[in-house]
Amino acid sequence: MRITQSVRNLTPYVPGEQPKDAHVVKLNTNENPYLPSPKCATVLRKFDLDRLRRYPDPVFTSLRARIADIWNTTPDRVFVGNGSDEILTLAARAFVEDDEAIGSLSPSYSLYMTLAAIRNVGYTPTPLKDDFSWNGRIVTRNPRTALFLLTNPNAPTGTFSPIDKVARAARPFKGVMLVDEAYADFANGNAMPLATATDNRNVIVMRTLSKSFSLAGLRVGYCVGPADLIEALYKVKDSYNADAVAQAVALAALNDLPWMRANVAKVRKTRARVAKALARRGWDVPVSESNFLFARPAHKPAKEIFEALRDEHVYVRYFPGPRTGDRLRITIGTDEQMDVFLAAVARLDR
Ligand code: PMP
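Residues numbered from 1 in each chain as written. Predicted model: local features only at pLDDT ≥ 70, side-chain atom pairs only at ≥ 80, totals over all residues. Heavy atoms only, no water.

This next bit is on the environment of Ala-116. Residue position: Ala-116 is located in helix H6 (residues 111-119). The spacing of Ala-116 and Asp-21 is 95 residues in sequence and 34 Å in space, taken between C-alpha atoms. In this structure Ala-116 touches Ile-102, Val-121, Gly-122 and Tyr-123, once residues within four positions along its chain are discounted. (Helix = DSSP H or I, 4+ residues; strand = E, 2+ residues; numbered from the N terminus. Contact = heavy atoms within 4.5 Å.)

Laid out in structure tokens, this is it:
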């Protein structure tokens, strides 16, 4: 057989469903229910076709400069990926030897384990406590954990660790800590000051435009970190990993932060309302600093409710497994969508 053994044995990551039916209340992939900035529409409308004839800027100069400006750092500390998922793949390529391991919180974003399997290296989980909080330590058993992927706020739990805890864990850690801040715009804090600090040697903070900026279809993520680590990512990337349209539209979005912040404020308000409504029904709802809730139903098994909701065209996410199988991950949609969800729950969970 021509397929390598590690790929033959691989359990691929399965992203949430993308149903074609427009009537589905889609609360399953943590997308933003609101439109991206109208400035993105203007860029798309005016986009010069001649720019598609030529290759894009391989090092996304304008986009990097804007990101550096936002975080008060320099462009040599900024990298842009084809979605933040690509940055994870590149980090696994650049920072992990064949006999080392990738680590993450557990439960967390299940792609990390798949990335380790694709890279054919070990995966070492750092288990969260029963309430899904983190004790602030990284498990670095044999083989050595060379890359620790800290999702903060964590997914699918929504729980958040303050910057001091992140800093205390990063300082003694011998490997690279990549803080995956896909959901940080929905939280009350972030670790970006660790990434931009001049004495930082091992912390990379990663963001995506897929959630708070409502641009999941565009595929743009970025990260900030020490210049030598950032340079390593440039060395292992494809020549043109960010296409010309993505660079231009992402720049427009990053030039309209008030639009993003207004959408985030709406999502946070809805999040508080839905969390309260579910708690009133007896559901267990850990405090979420993200754009989703990870809630345990009061009466029926989570899987049963997941399937019943699906029959009613309300899609949420269900992750089987010992730590996650008794809960549903519910993306925060518009108030109207959440009312449909809550009404269905009131009927189904009794
Ligand atoms: N990190 C986390 C924790 C996520 O949930 C996601 C979205 N599935 C990503 C990274 C990837 O986001 P994207 O590739 O769209 O930037």
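A few words on unusual backbone geometry. Of note, the bond from Ser-106 into Pro-107 is cis; its omega dihedral lies within 30 degrees of zero at 5°. Following the sequence through the fold, Pro-107 ends up in the loop between strand S3 (101-106) and H6. Across the junction of Asn-152 and Pro-153, the peptide omega takes the value -5°, indicating a cis bond. By the secondary structure assignment, Pro-153 is in the loop between strand S5 (145-151) and helix H7 (163-170). Notably, Asn-30 is not glycine yet its phi reads approximately 55°, a positive angle. Mapping Asn-30 onto the fold places it in the loop between strand S1 (25-26) and helix H2 (38-46). Its relative accessible area of 0% is what places Asn-30 among the buried residues. (Buried < 20%, exposed > 50% of the residue type's maximum accessible area, 1.4 Å probe, protein only.)

Turning our eyes to something else, we now look at the packing of H2 against helix H10 (residues 244-254). Where H2 contacts H10, the axes come no closer than 8 Å and their chain directions differ by 145°. H2 and H10 meet at a crossing whose hand is right-handed. Residues Lys-39, Cys-40, Val-43 and Leu-44 of H2 touch H10, and the partners they reach there are Val-245, Ala-248, Val-249, Ala-252 and Ala-253. (Axes fitted to C-alpha atoms, helices over the stretch in contact; angles between N-to-C directions. Left-handed = near helix turned anticlockwise from the far one by under 90°.)

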